[in-house]
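Geometric and topological summary
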Amino acid sequence: NLAYVYEALGNYRKAIPEYQRAIQLAPKFAYLYVSLARNYRALANFKDAIATLQQALKIDPKNPLVYDELGWTYSISGDSSRAIAQLKKAIEVDPTYEVPYGHLGHVYFVQQDWQDAVTNLEKAIELGGNRLEYYYKLGIAYVNLKDCDKGKQYIDKALLIDSQDTAVQGALTWYQQHCKK
């Protein structure tokens, strides 16, 4: 599909009409709506991204990916309460799906709800998630919970994945500033 090519190249404006054409050909394929919504979201068109994901839910109301994408879109748009509700719904539909735990952990992290951030990010890792951001965010969260040893363990894991990443370096600096021994 040409839409995938445009999307991979970062040309979201050209990908959108191609996904719309694909949806006309396969209107019951929820993943096409998710892909279209991701392109809207990449252009910060949250209104159309949300509307498109809501259409996908009508087609496939038991699809955890759709709830996760809707929650993530709400999160990026700044609506954390709706983000949390949709991400929890994704987890309810499939409690073995790692991604919504990671996204939910991120939302709580941004809200500085350190304990809920830790709970969800650790669950994402337990389910097989090995994403850099899980580790450095856990490191920062544990430092904020006054558990510097656990914080350092997670920051060290992030450093093993990518020691040059600026967010990881920021987490290490955060640790050094708040956990002086």
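Above this text you will find the structure in question.
In this text the structure is predicted, and so the values were computed from the model without any measurement.

Some details on the overall build of the chain
Looking only at helices and strands, one finds eleven helices and zero strands in the chain. Listing the helices and strands of the chain from first to last along the sequence gives α-α-α-α-α-α-α-α-α-α-α. Viewed in the frame of its principal axes, the chain has a C-alpha envelope of about 65 × 35 × 25 Å. Out of the 181 residues in the chain, the part that is buried amounts to 46%. For the chain, the exposed area adds up to about 9,500 Å²; of that, 50% sits on carbon and sulfur atoms.

A few points about the layout of surface pockets
In this structure, the largest pocket occupies an estimated 180 Å³ of space. If you trace the largest pocket, you find 15 residues lining it, with Trp72, Val99, His103, Arg131 and Glu133 closest to the centre. Listed by contribution, the elements that provide at least two residues to the lining of the largest pocket are helix H5 (64–77), helix H7 (98–110) and helix H9 (132–144). Across the lining of the largest pocket, the residue classes break down as six nonpolar, three polar and six charged.

Examining the state of the cysteines
A complete count under the given rule lists one disulfide for this structure. A disulfide bridge connects Cys148 with Cys179, and the sulfur atoms are separated by 1.9 Å. Of note, the bridge from Cys148 to Cys179 carries an S-S torsion of about -75 degrees and is left-handed in sense. With Cys148 in helix H10 (residues 148–161) and Cys179 in the segment after helix H11 (166–178), the pair connects residues that are 31 residues apart, well separated along the chain. Taken individually, Cys148 and Cys179 each receive the classification buried, so the pair is uniform in this respect.

A short note on H9
For H9, with 13 residues, the first-to-last C-alpha span of 19 Å sits near the 18 Å given by 1.5 Å per residue. Summarising burial for H9: eleven of the 13 residues are buried, a large majority. Taken together, the buried positions of H9 are occupied by Leu132, Tyr134, Tyr135, Tyr136, Lys137, Leu138, Gly139, Ile140, Ala141, Tyr142 and Val143. Looking at the packing, one finds that the buried side of H9 touches H7, helix H8 (114–126), H10 and H11. Positive phi shows up at Lys146, right after H9, with a value of about 70 degrees.

What to know about the pattern of salt bridges
Counted under the stated rule, the structure contains eight salt bridges. The partner of Asp79 in a salt bridge is Arg82, with the nearest N and O atoms 3.2 Å apart. Glu98 is paired through a salt bridge with Arg131; the nearest N and O atoms lie 3.0 Å apart. Highlighted residues: Glu98 in helix H7 and Arg131 in the loop between H8 and H9, separated in sequence by 33 residues. For Glu98, a relative accessible area of 13% corresponds to the buried category. Judged by relative accessible area, which is 35%, Arg131 ranks as partly exposed. Several salt bridges share partner residues, and in doing so they unite Arg38, Arg41 and Glu69 into one network.

A closer look at the packing of H5 against helix H6 (residues 80–93)
Between H5 and H6, the least distance of the axes is 7 Å, while the angle of their chain directions is 165 degrees. Viewed along their axes, H5 and H6 adopt a mutual orientation that is roughly antiparallel. Our pair here, H5 against H6, has a crossing hand that is left-handed. On H6, the residues touching Pro64, Tyr67, Asp68, Leu70, Gly71, Trp72, Tyr74 and Ser75 of H5 are Arg82, Ala83, Gln86, Leu87, Lys89, Ala90 and Val93. Partitioning the contact of H5 with H6 into residue classes produces nine nonpolar, three polar and three charged.

Rules used in this analysis
- Residues numbered from 1 in each chain as written.
- Predicted model: local features only at pLDDT ≥ 70, side-chain atom pairs only at ≥ 80, totals over all residues.
- Heavy atoms only, no water.
- Helix = DSSP H or I, 4+ residues; strand = E, 2+ residues; numbered from the N terminus.
- Buried < 20%, exposed > 50% of the residue type's maximum accessible area, 1.4 Å probe, protein only.
- Areas by Shrake-Rupley, 256 points an atom, 1.4 Å probe, with all protein chains shown as cover.
- 1 Å grid on protein atoms, 1.4 Å probe; cavity = no way out; pocket = protein on both sides within 12 Å on 5 of 7 lines; lining within 4 Å.
- Points joined across faces, edges and corners; volume = space filled by probe spheres on them.
- Nonpolar A, V, L, I, M, F, W, Y, C, P; charged D, E, K, R; others polar.
- Disulfide = S-S within 2.5 Å.
- Expected span 1.5 Å × (residues − 1).
- Contact = heavy atoms within 4.5 Å.
- Salt bridge = Lys/Arg side-chain N within 4 Å of Asp/Glu carboxyl O.
- Axes fitted to C-alpha atoms, helices over the stretch in contact; angles between N-to-C directions.
- Parallel < 35°, antiparallel > 145°, perpendicular 65-115°, else oblique.
- Left-handed = near helix turned anticlockwise from the far one by under 90°.

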